[in-house]
Amino acid sequence: AQKITQTQPGMFVQEKEAVTLDCTYDTSDPSYGLFWYKQPSSGEMIFLIYQGSYDQQNATEGRYSLNFQKARKSANLVISASQLGDSAMYFCAMRPPGRGSTLGRLYFGRGTQLTVWP
Amino acid sequence: DSGVTQTPKHLITATGQRVTLRCSPRSGDLSVYWYQQSLDQGLQFLIQYYNGEERAKGNILERFSAQQFPDLHSELNLSSLELGDSALYFCASSVDPTISQETQYFGPGTRLLVL
């Protein structure tokens, strides 16, 4: 079974500082995709970044980067130069290979509430 | 704006009632996914359609059903509603569900409150 663990219910960071949000996953499939989504208080789910299990380099998207350690099964999100608008819930998700009952579905962690203070 | 639209944004109804949530995927996307987000269960996958056909099923209750129409929009029907069905229901879309690296883009969600 697929499982995503986010051990930090809440994190606080000062504006302009960097912050790391932890995510570990459990899967026996060698091929999978890892995603991070942001959910502000307004409720929408915003895609941030993707990492493939076979990707050699860590993914980056602007101020977001993914610290991917495959052997440890971790996919931590790093947000550099935090902004007040980064305050939101952040979800890590995994997508196993597209077949059978798991076709296309995302498995989500419980999320980390990030608060950025001035 | 993800390009995925959902209506209505908010829905308040009573126990025992039936409601229909509607989703239009991004232009060009053939696959639609439904997720439920509640405080106790977190984000749970419900069901997935691809080009009009059901392709994957998650923890969807028998009281719930969905379909995808020829124009690719999808509807999630929730019947005999219970208090515990109160949640945020998301629709997401993508082009091809067999590609694990493909991103799913989420709609703004429908917030359902059952009183």
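Structure: above.
Since this is a predicted model, take the numbers as computed values, not measurements.

S.K.: Provide a residue-level description of the pattern of salt bridges, including the pertinent values.
M.R.: Residue and element names in this part refer to chain B. Scanning all chains against the criterion turns up six salt bridges over all chains. Arg63 serves as the salt-bridge partner of Glu82, at 3.7 Å between the closest nitrogen and oxygen. Here the residue Glu82 occupies a position in the loop between strand 8 (74–78) and strand 9 (87–94), and Arg63 occupies one in the loop between strand 6 (53–57) and strand 7 (64–68), the gap between them amounting to 19 residues. Looking at Glu82, the relative accessible area reads 43%, which means it is partly exposed. Here Asp85 and Arg63 are joined by a salt bridge, their closest N and O atoms 2.8 Å apart.

S.K.: Describe in detail the state of the cysteines, supporting the description with residues and values.
M.R.: In this structure the tally under the stated criterion is two disulfides over all chains. Put simply, Cys23 of chain A and Cys92 of chain A are joined by a disulfide, and their sulfur atoms are 2.0 Å apart. In this structure, the disulfide formed by Cys23 of chain A and Cys92 of chain A twists by about -60 degrees around the S-S bond and is classed as left-handed. Separated by 69 residues along the polypeptide, Cys23 of chain A in the loop between strand 3 (19–21) and strand 4 (24–26) and Cys92 of chain A in strand 10 (residues 88–95) bring together distant segments of the chain. Cys92 of chain A sits in the buried class, given a relative accessible area of 0%. Between the sulfur atoms of Cys23 of chain B and its disulfide mate Cys91 of chain B the distance is 1.8 Å. Judged by the sign of its S-S torsion, about -50 degrees, the bond between Cys23 of chain B and Cys91 of chain B is left-handed. Linking Cys23 of chain B in strand 3 (residues 19–24) with Cys91 of chain B in strand 9, this pair joins segments that are 68 residues apart in sequence. By relative accessible area, Cys23 of chain B is classed as buried at 0%.

S.K.: Any chance you could break down the nonpolar core for me, citing the residues and the numbers?
M.R.: All names here are of chain A. Tyr25, Trp36, Ile49, Leu77 and Tyr90 are the most contacted members of the largest nonpolar core, which totals 25 residues. Secondary structure elements with two or more residues in this core: strand 3, strand 5 (33–39), strand 6 (46–52), strand 8 (64–69), strand 9 (74–79), strand 10 and strand 12 (112–117). At four residues, the largest contribution of residues to this core is made by strand 10.

S.K.: Lay out the sheet that holds strand 8 of chain B with the relevant residues and their values.
M.R.: Residue and element names in this part refer to chain B. Strand order in the open sheet formed by four strands is 1-3-8-7, with antiparallel pairing between adjacent strands. The strands lining the two open edges of the sheet, one partner per strand, are strand 1 (5–7) and strand 7. For this sheet the average axis-to-axis angle between neighbouring strands, irrespective of direction, equals 15 degrees. Across five bridges, the pairing between strand 7 and strand 8 is antiparallel. If you follow Gln68 over to strand 8, its bridge partner there is Ser74.

S.K.: Explain unusual backbone geometry to me, using residue names and the numbers behind them.
M.R.: Residues and elements named next belong to chain B. Note the cis peptide between Thr7 and Pro8, where omega equals -10 degrees. Within the secondary structure, Pro8 is located in the loop between strand 1 and strand 2 (10–13). If you check the backbone angles, Ser80 has positive phi at about 45 degrees while not being a glycine. Along the polypeptide, Ser80 turns up in the loop between strand 8 and strand 9.

S.K.: I'd like to hear about the packing of aromatic side chains, residue by residue, with values.
M.R.: For the structure shown, the criterion picks out 15 aromatic pairs over all chains. Ring geometry for Phe35 of chain A and Tyr50 of chain A: centres 5.0 Å apart, planes at 50 degrees, overall tilted. Here Phe35 of chain A, found in strand 5, pairs with Tyr50 of chain A, found in strand 6; they are 15 residues apart in sequence, far enough to count as distant. Exposure remark for Phe35 of chain A: the relative accessible area of 1% places this residue in the buried category. Put simply, the rings of Phe35, Tyr37, Phe47, Tyr50, Phe91 and Phe108 of chain A together with Tyr35, Phe45, Phe90, Tyr105 and Phe106 of chain B touch in pairs and so form one group of aromatic residues.

Rules behind the numbers
Residues numbered from 1 in each chain as written. Chains lettered and ligands numbered in written order. Predicted model: local features only at pLDDT ≥ 70, side-chain atom pairs only at ≥ 80, totals over all residues. Heavy atoms only, no water. Salt bridge = Lys/Arg side-chain N within 4 Å of Asp/Glu carboxyl O. Helix = DSSP H or I, 4+ residues; strand = E, 2+ residues; numbered from the N terminus. Buried < 20%, exposed > 50% of the residue type's maximum accessible area, 1.4 Å probe, protein only. Disulfide = S-S within 2.5 Å. Core = buried A, V, L, I, M, F, W, Y, C linked by side-chain atoms within 4.5 Å. Pairing = 2+ DSSP bridges. Axes fitted to C-alpha atoms, helices over the stretch in contact; angles between N-to-C directions. Phe/Tyr/Trp six-rings, centres within 6.5 Å; stacked < 30°, edge-to-face > 60°.

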